[in-house]
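# What the coordinates show
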Amino acid sequence: MAEKKVLIVDDEPNFGQLVAEYLRTASIEAHVAYNLEDALNAFRKHKPKVVILDFNMPMVTGEKFLPILQSLDPTIRVIVVTGCIQEEVEEKFKGLGYFGFFEKGNLSLEKVRQKVEEAFGV
């Protein structure tokens, strides 16, 4: 089985590190990027199969970044995290093919891990 690799793209360093550390306890290789340039470099270097993507980031929002990721790897599974309400995210991401969604205010790290495992097909 291929390695389980995740890239977390979020402009909040504490959030990204928290999620990465939790996923690592489940033997998932997790990398964190805090902006578009770092995210693209990490994506090319580590070739993750799952990306946890913040919806609201400076410079480029999640709905604009998702198609970029999909152009690099059409099989990528993207899990969106945000402080926005789900309906707003669904409207913006409609037709973009994201794999899952979590609101940061109600975030359960265990549920994120389960969704990541599901994205890997485990």
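Remember, it's a predicted structure, so these values are computed and weren't measured experimentally.

Bringing the environment of F15 into the picture now. Inspection of the secondary structure assignment puts F15 in helix α1 (residues 13–24). C-alpha of F15 to C-alpha of V32: the two residues are 17 residues apart in sequence and 9.7 Å apart in space. Look past the residues within four positions of F15 in its chain and what remains in contact with it is D10, V81, K104 and L107.

Taken residue by residue, helix α2 (residues 36–46) has A39, L40, A42, F43 and H46 as its buried positions. Seen along its axis, α2 keeps its buried residues to an arc of 165°; they face one direction. Turned more than 90 degrees from where α2 packs its buried face, E37 and K45 sit exposed. Between a side-chain oxygen at the N-terminus of α2 and the backbone nitrogen of E37 the separation is 3.2 Å; the capping residue is N35.

Here the phi dihedral of S27 falls at roughly 60°; this positive angle occurs in a residue that is not glycine. Not every positive phi belongs to a glycine, and K47 is a case in point at roughly 50°. Mapped onto the secondary structure, K47 falls in the loop between α2 and β3 (50–54).

Moving on to the pattern of salt bridges. Counted by the stated rule, this structure contains eight salt bridges. For R113, the salt bridge identified is with E110, shortest N-O distance 2.4 Å. You can see R113 and its partner E110 sitting in helix α5 (residues 109–120), three residues apart, about one turn around the helix. By relative accessible area, E110 is classed as partly exposed at 29%. Between E117 and R113 there is a salt bridge whose closest N-O contact spans 3.8 Å. Placement of the pair is E117 and R113 together in helix α5, with a separation of four residues, close to one helical turn. Connected via shared salt-bridge partners are K4, E110, R113 and E117.

The next point concerns the sheet that holds strand β2 (residues 29–33). Two strands in a sheet stick together by hydrogen bonds in their backbones, pointing the same way (parallel) or opposite ways (antiparallel). Spatially, β2-β1-β3-β4-β5 is the arrangement adopted by the five strands of the open sheet, whose pairing is parallel. Sheet topology places β2 and β5 (100–103) at the edges, where each strand pairs with a single neighbour. Taking the axes of each pair of neighbouring strands and ignoring which way they run, one obtains an average angle of 20° across the sheet. Pairing of strand β1 (residues 5–9) with β2, which is carried by five bridges, proceeds in the parallel orientation. Counted as the bridge partner of L7 is H31 from β2.

Calculation notes
- Residues numbered from 1 in each chain as written.
- Predicted model: local features only at pLDDT ≥ 70, side-chain atom pairs only at ≥ 80, totals over all residues.
- Heavy atoms only, no water.
- Helix = DSSP H or I, 4+ residues; strand = E, 2+ residues; numbered from the N terminus.
- Contact = heavy atoms within 4.5 Å.
- Buried < 20%, exposed > 50% of the residue type's maximum accessible area, 1.4 Å probe, protein only.
- Arc of directions from axis to C-beta.
- Polar contact = N/O pair within 3.5 Å; in protein donor to acceptor, adjacent residues only side chain to side chain.
- Salt bridge = Lys/Arg side-chain N within 4 Å of Asp/Glu carboxyl O.
- Pairing = 2+ DSSP bridges.
- Axes fitted to C-alpha atoms, helices over the stretch in contact; angles between N-to-C directions.

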